[in-house]
Amino acid sequence: MTMDSPAPGDASSLAASLFAPLDLSLPASADGIAVDQTPLEPFAGASLTSFTADTEEMKSICVSAGSMVAPNAEIVAQDAKVLRGVGIEPGSTLCSKDTDSGRGPAFRVVIPPKDSGKIHVAIYQLPAGR
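So, here is what we can say about the structure in this document. (Residues numbered from 1 in each chain as written. Predicted model: local features only at pLDDT ≥ 70, side-chain atom pairs only at ≥ 80, totals over all residues. Heavy atoms only, no water.)

## What about unusual backbone geometry?
- Following glutamate 41, the chain continues to proline 42 via a peptide bond in cis, the omega torsion being 0°.
- Structurally, proline 42 can be placed in the loop between strand S1 (31-36) and strand S2 (44-54).
- A positive phi angle, near 55°, is found at arginine 84, a position not held by glycine.
- Among the secondary structure elements, arginine 84 is positioned in the loop between helix H3 (77-82) and strand S4 (93-98).
- A residue is classified by how much of its surface remains accessible, and arginine 84, at 16% relative accessible area, is buried. (Helix = DSSP H or I, 4+ residues; strand = E, 2+ residues; numbered from the N terminus. Buried < 20%, exposed > 50% of the residue type's maximum accessible area, 1.4 Å probe, protein only.)

## What about the sheet that holds strand S6 (residues 116-125)?
- As summarised here, the arrangement of the six strands in space is S1-S2-S6-S5-S4-S3, forming an open sheet in which the pairing is antiparallel. The open sheet has two edge strands with one neighbour each: S1 and strand S3 (68-70). Here the average twist between neighbouring strands, direction ignored, is 15°.
- As defined by bridge partners, strand S5 (residues 105-111) adjoins S6 across six bridges and the pair is classed as antiparallel. Bridge pairing in S6 links valine 110 to histidine 120. (Pairing = 2+ DSSP bridges. Axes fitted to C-alpha atoms, helices over the stretch in contact; angles between N-to-C directions.)

## What about the pattern of salt bridges?
- Applying the stated criterion across every chain yields a total of five salt bridges.
- One salt bridge connects lysine 59 with glutamate 56, and the closest N-O pair in it is separated by 3.3 Å. Remark: glutamate 56 and lysine 59 occur in helix H2 (residues 55-64); sequence separation between them is three residues, near one turn of the helix.
- Judged by its relative accessible area of 22%, lysine 59 falls in the partly exposed class.
- Between glutamate 89 and lysine 114 there is a salt bridge, with the nearest N and O atoms lying 3.2 Å from each other. Residue glutamate 89 is found in the loop between H3 and S4, and its partner lysine 114 is found in the loop between S5 and S6; the two are separated by 25 residues along the sequence.
- Accessibility expressed as a relative area gives 33% for glutamate 89, which makes it partly exposed.
- Classification of lysine 114 as partly exposed rests on a relative accessible area of 41%.
- One connected set of salt bridges, linked through shared partners, spans Asp79, Asp98 and Arg108. (Salt bridge = Lys/Arg side-chain N within 4 Å of Asp/Glu carboxyl O.)

Here it is, written out as structure tokens:
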């Protein structure tokens, strides 16, 4: 997996620009931000942003963005693909939101089951006709 890891300020700015259209934001506690924008077929504009942050803060951001928040989530095949195979700890929370009845941009956020840890945010768009 290729991770684009620009300077910390650049990664933060890139993540913010990816998150903004979906009403998401980086937690103030975010650290170690890495953004992977390697093309992922068939998902247009796919990206995976990973960072360490306070998990309750990220859950609050997800709720504010209008996403579904599912504790102890099981990851389905499509979610696993857009999350690019990152390891999901048992007991993790999955936040998800699809826009425009599934035709617009979507996101999946995996939050580990502890106070602080590695959070993964996948942003993607479903293929046309789905």
